[in-house]
Amino acid sequence: MKEYVLLIISAALVNNVILARFLGLCSFMGVTTRIDTAVGMGMATTFVITVSSMADWAVGAYLLEPYNLWYLRTVTFIMVIAAAVQFTEMTVKKVSPALFQMLGIYLPLITTNCAVLGVAILLVEARMTFIEATLFGFASSIGYSLVMVMMAGLRERLSFADVPRLFAGAPNGFIVASLLALAFMGFSGMTS
Amino acid sequence: MWVAVGILTTMGLVLGGLLGVAARFLAVKEDPLEEELKALLPGSQCGQCGYVGCSQYAAALAKGEAPITLCPPGGKDVIEALAKKLGVTVDLSEHEEAVPQHAFIIEDLCIGCTRCIRECSTDSILGANKLMHTIIMETCHGCAKCVSVCPTEAIMMVRTPVTLNNWHWPKPEAQNNPAVPQPAHAH
């Protein structure tokens, strides 16, 4: 039990996908201008990462491992991820057209979000069990959503601040991201 | 190698099949009328109707929430096309005729700042930095966005010359009536 808790904390905070591993920075800068889009993106990505880590674990354990086909892992994982994203896109379009319009191009781009593939590759390379892999995927995506929402909140407030014109917009966002990453360094060393 | 090919093929077939089934259950019904109405509108997203863009106006039209007379760049011919498509009659005699207009650049005043080019939603302004700009009349739909951004007031709206597409039979009594103000912006 204790190791699962440690795994969750490690994946969500200490080795946060965005601020410690620096994966998925495109959507991190792209959709964090408003909190509600960040929440929607976080939920969509959480679903995709969790489903694809389970599916990718199964693909790795039952297809790639027995036939020694590890060199196929990138292409097979991307196939699984793309299918999961397509499914998510259809669901979002059906359930919430407004969110579908707000996320726009970033929704299909979850396919190429390296956080998703990164999590899948990390969990097969660490030789995790199925439960560990699921928890790892879920916790990583919770960490992703958490950072997205934090960043969106900060940027929403910063958009009202009077900053020099050269720094307004993206440059300001990068500075905030670096400060957030510094703050998350405080978690390092909490778990092995 | 054949195992790899087989595995990839099977995965592709299985995932594709699953997605196909999901697409059938999660299909979103799109109103075909909306698409047709959108095709009738100018499609330049100028926003003069009060909606964000042409597709939002088309959606409102399809639901019957918006009057069909809101599109100034389209003018009478778009109103008539919409009325025909929606099967409604519209009384155009009270319609204050927004004269078909297009922008015109007074070339002596243009300083070549390219601001109007960036504002134009139909790419109807031709020109380059520090060079004189000019309007491509065929595609300008007269939204007048460029007029407000021009720093030297070199752009004005002028009446579009009458062609077969925008000419309407004039009403006899409306002619030569001094009480009716002429909405002309004659150049």
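As a reminder, the structure under discussion sits directly above these lines.
No experiment lies behind these values; they were computed from the predicted model shown.

Along its length, chain A carries 8 helices and 0 strands. By residue count, 39% of the 192 residues in chain A fall in the buried class. When contacts within chain A are restricted to residue pairs at least 6 apart in sequence, long-range pairs at least 24 apart make up 80% of them.

Once that is clear, we can look at helix α6 (residues 114–125) of chain A. All names here are of chain A. With 12 residues, α6 extends 16 Å between its outermost C-alpha atoms, agreeing within 8% with the 16 Å of an ideal straight helix rising 1.5 Å per residue. For α6, the full list of buried residues reads Ala115, Val116, Leu117, Val119, Ala120, Leu122, Leu123 and Val124. Of the residues one or two after α6, Arg127 is the one with positive phi, at around 55°.

Residues and elements named next belong to chain B. A positive phi angle is found at Asp123, which is not glycine, with a value near 55°. Within the secondary structure, Asp123 sits in the loop between α5 (115–119) and β2 (125–126). You will see that Lys130, though not glycine, has its phi angle at about 65°, which is positive.

Turning our attention to the environment of Thr122 of chain B. All names here are of chain B. Note on placement: Thr122 falls in the loop between α5 and β2. Thr122 sits 79 residues away from Gly43 along the chain, and the two C-alpha atoms are 8.9 Å apart. Sequence-distant contacts of Thr122, defined by excluding residues within four places in its chain, comprise Ser44, Thr139, Cys140 and His141.

This brings us to the nonpolar core. All names here are of chain A. Among the nonpolar cores identified, the biggest contains 50 residues, and Val48, Val80, Ile81, Val116, Val119, Leu123 and Met148 are the most heavily contacted of them. Put simply, the parts of the chain that give this core at least two residues each are α1 (2–14), α3 (35–67), α4 (73–95), α6 and α7 (130–158). Those residues within four positions of Val119 in sequence are excluded, and the remaining contacts are Val17, Ile49, Ser53, Gly137 and Ser140.

In many analyses, interface size is given as the accessible surface area lost on bringing the parts together. Counting from both sides, the interface comprises 13 residues of chain A and, opposite them, 12 residues of chain B. Elements supplying a minimum of two residues to the side of chain A that touches chain B: α3 and α4 of chain A. Here the side of chain A that touches chain B takes 9 residues from α4 of chain A, the largest share from any one element. Partitioning the side of chain A that touches chain B into residue classes produces 8 nonpolar, 3 polar and 2 charged.

Thresholds, definitions, all that
Throughout, residues of each chain are indexed from 1 in the direction in which the sequence is written. Here the convention is simple: chains get letters from A, ligands get numbers from 1, in the order in which they are written. Under the rules for a predicted model, residues below a pLDDT of 70 receive no local features and side-chain atom pairs below 80 are neither given nor counted, while totals for whole chains, interfaces and linings still include all residues. Helix and strand definitions here come from DSSP, where helices need a minimum of 4 consecutive H or I residues and strands a minimum of 2 consecutive E residues; each element is numbered from the N-terminal end. Remark: C-beta atoms are placed from the backbone, and a residue is labelled buried if 20 or more other C-beta atoms sit within 10 Å of its own, exposed if 12 or fewer do, or partly exposed between those counts. Once C-beta atoms have been placed from the backbone, residue pairs whose C-beta atoms lie within 7 Å are recorded as contacts. In this scheme, a helix's expected span is set at 1.5 Å multiplied by one less than its residue total. Core membership is restricted to buried Ala, Val, Leu, Ile, Met, Phe, Trp, Tyr and Cys residues, and these are joined into a nonpolar core through C-beta atoms within 7 Å. As a working rule, the residues Ala, Val, Leu, Ile, Met, Phe, Trp, Tyr, Cys and Pro are called nonpolar, Asp, Glu, Lys and Arg charged, and the rest polar, with Gly in that last group.

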